[in-house]
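The chain contents come next:
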Amino acid sequence: MSRRAVQPQGEKVQRRLDWTFPPPPVPREVRHARPAAPVPGRPPVLCVHGAGMGAWAFDRWLPALAAAGWHAVAVSLRGHGESPLPDRAAITSLRHYEHDVLQTITELPAPPVLVGHSLGAVVVQRVLERYRSAPAGVLLSAPPPDHGLALVAALARHDPATLARGVVGLRTRPRARTLVGPGTPQDEAERLVLRLTAEPVPAALQVILPRRRPLIRTPVLVIGGGEDRIVPAATVARTARLLGTRAHLFRGMGHNLHLERGWEDVLEVVLTWLGRTVEVATPGPQAP
Amino acid sequence: MANNPTRDGEGVEDRHDRILVIGAGSSGLTAAKNLRERGFHVDVVEREPHVGGNWNIDGSASRVYDSTRMISSKPFTQYPDFPMPDTAPDYLHHTDVRAYLERYAAHFGLDRVVERSTPVEEVEPLARGFDVALTGADGTRHWRRYRRLVVANGHNWAPKWPTYPGQDTFTGELLHSAGYRSGDQLAGKRVVVVGAGNTGCDIAVEAAHRAEVTVHSTRRAYWYAPKYVLGKPADQVSDLIFALRLPTRLTQALFQATARLVVGRYERYGLPTPDHRFLETHPIVNQQLLYHVGHGAITPKPDVAGFDGDEVVFTDGSRVQADLVLFATGYLIRFPFLPDGLIPGGDRPRLLRNVLHPDRTDLAVIGLIQPDSGQFALVHWQSVLLASFLELESRAPTAAHRYLREAAHQLDDRSQAGIDLVDSTRHLVEVEHAAYARDLEKDLAVLARRLAAVAA
């Protein structure tokens, strides 16, 4: 019955692809929101957006996190927001996004809490395996660590046109209800749809297809929306189970927990959990 | 503690379960970081007033010189969880490596942990643990007791001097590369550089620009690998060949064919043909040496036979007058604060994966490898191996001892990928990076399974 036992064992030492074809450098858009009165010893919080979005996806959370006393940071992955793709980008895949997040981490004064949404939550899972000093991880609407086939099934049922455009790398125009829960007004949802950009096919496919499961030891909080039509609640629950924890589900909410109506409640849960977790998870307090 | 330990009436400060890491260079820093990450309490003592070890040119034991740059490119060199910046070039200058190490230390909170200007004077092993004599920043000597010790004092600082007939009567100046800092030391002189390690070749190239005459003496003919192949850092290309995992002979043939294609025949430059296959000596990566040999700015010579007045005599009977002979002849492995024999194997330390002591669970060495590639990344994984081992040891001491017993056969497996290295003191701790990474990955998987079994 040990949930940890289903986790893979051992470290990934050999990274041949990263050694021989290191991700080409790109400038990165990084947004900061700093608290008026910083709390000593508190780590920064680094947020990673989902497919077709950018650092802007955390425009609501960043100031709210800062107001609660956290140094909040959001990065745009290459090809998203204000971060360009390199000139000769043959393939853009999750390892390139992983690189962008790690580069951002090295510019922070201390190991950050990592927050990831959707595709960004898959990137964060990869980073948590490679960068073990993160005191905690928060996964919003997160596909499971082994594969995201359930996402295909969900989209095929609710929004097949978006699925069809997505798999060939076109800019998607999802239905409003695909993106957000019923509590968010239609015009707000449509404004969100208009901001989406195309997601490179290799990265999107990596989220869906079976892949090596990362070994994660960091404490994680997994949150999902009961009305999510991209990563359904049952799938988020599976993510949580595979990571050895339980999902926290918000009944009336959809896929974009950090953007749609009710985001303050989600953030409240995150802040409460961080307050409990980060202090005890900081490395060093007790020898084993 | 009711009874504080004493030594000859002197108080000994008992540090209980804290681990002592000796040295805050690239190895000590990552050892401390990875041990802390697993929840261990760590003390780090550093002789110099700063971190960065060899890469901090201000340090008394630093052996970098003003033209030192990385030999392996970023992806092989950087710590896997703290990449070198995108804004940095493929090969960093030593000042940027130093800044990188300082950022690493600050980011992971090691700044607050490292006790600077605190040299270790003496280590006395106990049945379990060690008494360690330190001189503090205030200049006073005191003893501390630790249960575990991690040695990360580096192995590129104690100069290895060769001896030749007539050396004492040579009228010019003799210098080891340990004392070489800048091309100013070569300006306008007739210089003989002895040794074709990466340092020797760097200095020969510098001399080609600065000295009046430059002679480069090497004991055998070497393979000189270029720093770039096909517009990419050469190690990123050569690792594609390693990735094929071909038989060693075929890999060597592919490398030699690549060298032929990119560099051509060494004979054309006036250099002898290598007497050994590629990879059988530690790789020399230098694109400029052959250029200067081809332009007559560097005169290649065989090994030194002896000295005669102001002349250097070579084994082919030729002689040159010299103002300065610079020995780039490498460094000795030394643990001056440890009693002899504590690290088994003498000159060729016999440690599991060059890290764990085969009999003691309370002593380990970090950074004691010379890979044919980047150092920091592999040393990071050494540290993860050590942290995993110590976690096993603190949960189930018998399981840790069993691990040591069962891994003892590795003592003769030195991760050299079946390559028959030329017998030389230069290769005492040589590892082939791809094989070493593979071996560490296997060891870590074994330790993870043992840890899971203990936890269950």
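On a predicted model such as this, the values are computed, not experimentally measured, just so you know.

When two helices pack together, you describe them by how their axes are tilted relative to each other and by the distance separating the axes. All names here are of chain B. Axis separation between helix H5 (residues 234-243) and helix H6 (residues 248-262) bottoms out at 10 Å; the angle between their running directions is 155°. Comparing their axes, H6 and H5 come out roughly antiparallel. The element H5 and its partner H6 pack so that their crossing is right-handed. Mapping the contact onto sequence places Ser238, Ile241 and Phe242 in H5 and Thr251, Leu254, Phe255 and Thr258 in H6. Taken together, the residues of the contact of H5 with H6 sort by class into four nonpolar, three polar and no charged.

With that out of the way, let us pick up a nonpolar patch on the surface. A cluster of nonpolar side chains, contributed by Leu17 and Phe21 of chain A together with Leu240 of chain B, occupies part of the molecular surface with about 270 Å² of accessible area. Residue Leu240 of chain B is classed as partly exposed on the basis of its relative accessible area of 36%.

Time to look at the packing of helix H3 (residues 94-106) of chain A against helix H4 (residues 119-130) of chain A. All names here are of chain A. Here H3 crosses H4 at 65°, and the two axes come no closer than 9 Å. With respect to each other, H3 and H4 are oriented roughly perpendicular. Seen from above, H3 lies across H4 with right-handed handedness. Touching Leu94, Arg95, Tyr97, Glu98, Val101, Leu102 and Ile105 of H3 are Leu119, Val122, Val123, Arg126, Val127 and Arg130, all from H4. When its residues are assigned to classes, the contact of H3 with H4 shows nine nonpolar, no polar and four charged.

We now examine the interface of chain A and chain B. In this complex, chain A contributes 35 residues to the contact, which on the side of chain B involves 38 residues. Buried area between chain A and chain B, both sides added, is near 3,200 Å², and the carbon and sulfur share of it is 55%. Connecting chain A to chain B are two salt bridges. Counting across the interface, chain A meets chain B through 12 residue pairs in polar contact (both at pLDDT 80 or more). Secondary structure elements with two or more residues in the side of chain A that touches chain B: helix H1 (16-20) and H3 of chain A. Across the side of chain A that touches chain B, the residue classes tally to 17 nonpolar, 10 polar and eight charged.

The next thing to look at is the pairing of strand S2 (residues 10-14) of chain B. All names here are of chain B. Direction of pairing for strand S1 (residues 6-7) relative to S2: antiparallel, over a ladder of two bridges. By the bridge assignment for S2, Thr6 is matched with Gly11. In this antiparallel pair of consecutive strands, S1 and S2, the connection spans two residues, and Asp8 shows a positive phi of 50°. In terms of strand pairing, S2 meets strand S8 (residues 141-146) through three bridges, oriented parallel. Bridged to Glu13 within S8 is Arg144.

Our focus in this paragraph is the domain arrangement of chain B. Residues and elements named next belong to chain B. When the domains of chain B are assigned, the result is domain 1 (6-157 + 331-455) and domain 2 (161-327). Each of domain 1 and domain 2 has a C-alpha centre, and these two points are 30 Å apart. In this complex, domain 1 contributes 34 residues to the contact, which on the side of domain 2 involves 35 residues. When domain 1 packs against domain 2, close to 2,800 Å² is buried across both sides, 51% of that on carbon and sulfur atoms. When the buried area of domain 1 at its contact with domain 2 is split by residue, Tyr65, Ile71 and Arg426 rank highest and sum to 24% of it. Linking domain 1 to domain 2 there are zero salt bridges. Our count for the domain 1 to domain 2 interface comes out at 14 residue pairs in polar contact (both at pLDDT 80 or more).

Conventions we followed
- Residues numbered from 1 in each chain as written.
- Chains lettered and ligands numbered in written order.
- Predicted model: local features only at pLDDT ≥ 70, side-chain atom pairs only at ≥ 80, totals over all residues.
- Heavy atoms only, no water.
- Axes fitted to C-alpha atoms, helices over the stretch in contact; angles between N-to-C directions.
- Helix = DSSP H or I, 4+ residues; strand = E, 2+ residues; numbered from the N terminus.
- Parallel < 35°, antiparallel > 145°, perpendicular 65-115°, else oblique.
- Left-handed = near helix turned anticlockwise from the far one by under 90°.
- Contact = heavy atoms within 4.5 Å.
- Nonpolar A, V, L, I, M, F, W, Y, C, P; charged D, E, K, R; others polar.
- Patch = residues over 30% accessible without salt bridge, like charges linked within 9 Å, V, L, I, M, F, W, Y side chains within 5 Å.
- Areas by Shrake-Rupley, 256 points an atom, 1.4 Å probe, with all protein chains shown as cover.
- Salt bridge = Lys/Arg side-chain N within 4 Å of Asp/Glu carboxyl O.
- Buried < 20%, exposed > 50% of the residue type's maximum accessible area, 1.4 Å probe, protein only.
- Buried area = accessible area lost by both parts, 1.4 Å probe.
- Polar contact = N/O pair within 3.5 Å; in protein donor to acceptor, adjacent residues only side chain to side chain.
- Pairing = 2+ DSSP bridges.
- Domains from an automatic or database assignment.

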